[in-house]
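Here's the letter readout for the chains.
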Amino acid sequence: MQRRTGSCTTILVGKDASINGSTIIARNDDGHEALDPQRFVVVTPDKQPRRYQSIISKVTIDLPDNPLRYTSTPNAILTDGIWPAAGINSENVAMSATETITTNPRIQSIDPYVENGIGEEDIVTLVLPYIRSAREGVMRLGELLEEYGTYEPNGIAFSDQQEVWWLETIGGHHWAAIRIPDDAYVVAPNRMNIDEYDFNSEDTLYSSHLPDVIEEYQLNPDFVGVNLRHIFGSASIKDTVYNNPRAWYGQKYFTPAIEQDPMDHDLPFICRANRKITVEDVKFVLSSHFENTIYDPYGSGTEAEKTLFRPIGINRNHSVHILELRNHVPDQIAGIHWLAYGANTFNAVVPFYANVNDTPASFRDADGTFDMTKMYWLSCTTALLGDNDYDMYADFRNTFELQAMSAYHAIQLKAENGISEIEGSEEQQAYLEKVNEELAEAAMERATKLLGDMVIFGSNHMKLRYNLND
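Just so it is clear, the structure is predicted and the values come from calculations on it, not from any experiment.

J.: Just checking my understanding: could you explain the overall build of the protein chain for this structure?
T.: For the protein chain, the count of helices and strands is 12 helices and 16 strands. In terms of overall dimensions, the protein chain is globule-like: its C-alpha atoms have a radius of gyration of 22 Å, near the 23 Å expected for 470 residues. Dimensions along the principal axes, computed over C-alpha positions, put the protein chain at roughly 85 × 60 × 45 Å. Expressed as a percentage of its 470 residues, the buried residues of the protein chain come to 60%.

Set out below in structure tokens:
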């Protein structure tokens with residue numbers, strides 16, 4: 001079985017850094033192919049396996065007998081496994097897995113990868129149904145890594161309503177995690193991201209003996225302090241064009257006063273924004289392609305400039321999730337699984353309630369057959385047409401996204417004003433499922449109109465035309 005790796009971008013936002021006091025973990029779920037159909041499902045306890053076997057590594061793991069319900073965004077075609085990507089469980093704990101990261105030969109020689117260990121295919125299924133806090137998620141995944149090992153380097157995000165945690169795997173069995181400060185944000189591309197690290201802090205967790213490994217094998221290249229990116233990560237030429245510029249652009253957007261080099265290996269991990277961060281901000285960055293710089297593939301730079309750096313929004317975006325855990329609202333409506341499919345330049349995220357037992361068919365039932373009644377294929381079609389002439393269609397996209405997000409927020413506000421009158425958890429879940437269906441119908445209608453408007457307008461600008469008529 002050929003191993004697959006993603007090439008994602010992650011954004012983390014602490015509760016005091018967001019506009020409404022929510023914690024946010026978000027990620028583009030990217031791949032190596034432009035198309036890989038995705039689904040949005042709910043895994044109820046009766047559907048969660050009690051004995052799990054990986055398709056890729058063949059590792060077999062017995063699971064606890066008391067799983068929680070959780071949302072999930074798995075692959076539609078299961079040849080290489082489930083790949084759940086992200087979700088929110090019934091205790092309002094969220095998880096996003098994984099961000100493929102980098103490593104170096106020094107740690108790989110000491111703690112090599114485990115061929116039959118766990119990897120991105122498996123991690124959400126093995127962890128999310130069994131945790132009741134973000135910190136518990138770190139601990140459970142850490143225990144699994146130490147027992148079974150991993151065959152690849154990954155970064156994994158966890159959140160609950162109070163805390164956001166980020167874990168990075170190190171070699172085959174080791175790992176380190178850090179709690180993101182409440183007033184901070186993170187933009188994490190495909191490299192090892194954690195930099196300055198304090199093993200004695202209450203806000204760090206790590207594998208047993210990790211400090212001893214650093215000392216015993218003389219792994220720290222710095223004269224002062226502990227920087228995990230320097231110790232266990234990479235600083236390659238590829239990082240300067242593939243990874244570092246994505247962190248640079250996200251930080252430039254959230255904290256524009258800071259002047260930094262897009263190729264810099266030492267861009268900070270923990271950052272503070274110049275304003276409170278919204279879901280719309282997170283979506284913009286995860287859709288971005290170096291707008292207003294010479295590096296924009298759709299911009300006016302030279303061909304060399306426009307192709308120098310790997311953008312965040314790219315044709316290999318299969319989906320984007322923004323997992324928002326809200327405070328100041330009842331627990332039954334706290335978890336919002338924002339979701340969009342396809343390349344992010346011509347889509348809009350939809351705010352689905354996580355406290356449900358099923359999801360709308362248009363977001364749930366895509367498969368490998370092209371079908372415009374499924375949001376995955378509709379979004380991919382719109383992105384392809386928009387990519388053909390971005391300048392021609394950009395205003396259509398901008399109007400669509402503004403109107404769509406306004407409509408979704410309005411549906412949310414109306415729904416939340418009405419839920420207080422509904423008694424009983426099952427009745428509330430049924431009510432939220434109806435709201436999710438309304439959101440999905442609105443999303444399909446608006447995305448279809450966007451595509452139609454683009455086709456109608458673009459048909460008058462085709463190259464295959466002639467000035468004389470009959």
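The rest of the description comes next.
J.: Whenever I open this one, the packing of aromatic side chains confuses me. Can you help?
T.: By the definition in use, this model includes 23 aromatic pairs. On the basis of an interplanar angle of 35 degrees and a centroid distance of 6.4 Å, the ring pair of Trp248 and Phe290 is categorised as tilted. A residue pair is termed long-range when its members are at least 10 positions apart, and Trp248 in helix H6 (residues 237-254) and Phe290 in the loop between helix H7 (279-287) and helix H8 (303-306) qualify at 42 residues. The pair Trp248 / Phe290 is uniform in exposure class, with both members buried. Clustering of aromatic rings is evident, with ring pairs tying together Phe40, Tyr341, Phe352, Phe363, Phe370, Tyr376 and Trp377.

J.: When you look at the pattern of salt bridges in this model, what are you seeing that I'm missing?
T.: Under the definition given, this model contains 16 salt bridges. One salt bridge connects Arg229 with Asp195, and the closest N-O pair in it is separated by 3.7 Å. With Arg229 in helix H5 (residues 228-232) and Asp195 in the loop between strand S12 (185-188) and strand S13 (204-206), the pair connects residues that are 34 residues apart, well separated along the chain. Here Asp195 falls in the buried class, since its relative accessible area comes to 13%. The partner of Asp371 in a salt bridge is Lys374, and the shortest N-O contact between them spans 3.2 Å. Given a relative accessible area of 25%, Asp371 falls into the partly exposed group.

J.: Help me understand the side chain of Thr44 in this model?
T.: Tracing the backbone shows Thr44 in the loop between strand S3 (41-43) and strand S4 (51-53). The buried category is assigned to Thr44, whose relative accessible area is 11%. At 2.6 Å, the side chain of Thr44 and the side chain of Asp46 are in polar contact. Those residues in contact with Thr44 that sit more than four places away from it in its chain are Arg69 and Asn357.

J.: Would you mind showing me how to read the pairing of strand S11 (residues 174-179) here?
T.: When a strand is regular, its side chains alternate between the sheet's two faces. Counting buried residues along S11, 6 of its 6 residues qualify, which places the element largely inside the surrounding structure. Relative to S11, strand S10 (residues 164-170) is paired through 6 bridges, and the arrangement is antiparallel. Across the sheet, Glu168 pairs through a bridge with Ala176, a residue of S11. Between S10 and S11, which pair antiparallel and follow one another directly, the connecting turn spans 3 residues, one of which, Gly171, has a positive phi of 65 degrees. Note: S11 against S13, 3 bridges, orientation antiparallel. When the bridges of S13 are listed, Ala177 appears paired with Leu205.

Reading the values: the criteria
- Residues numbered from 1 in each chain as written.
- Predicted model: local features only at pLDDT ≥ 70, side-chain atom pairs only at ≥ 80, totals over all residues.
- Heavy atoms only, no water.
- Helix = DSSP H or I, 4+ residues; strand = E, 2+ residues; numbered from the N terminus.
- Rg over C-alpha atoms; globule rule 2.2 N^0.38 Å.
- Buried < 20%, exposed > 50% of the residue type's maximum accessible area, 1.4 Å probe, protein only.
- Phe/Tyr/Trp six-rings, centres within 6.5 Å; stacked < 30°, edge-to-face > 60°.
- Salt bridge = Lys/Arg side-chain N within 4 Å of Asp/Glu carboxyl O.
- Polar contact = N/O pair within 3.5 Å; in protein donor to acceptor, adjacent residues only side chain to side chain.
- Contact = heavy atoms within 4.5 Å.
- Pairing = 2+ DSSP bridges.

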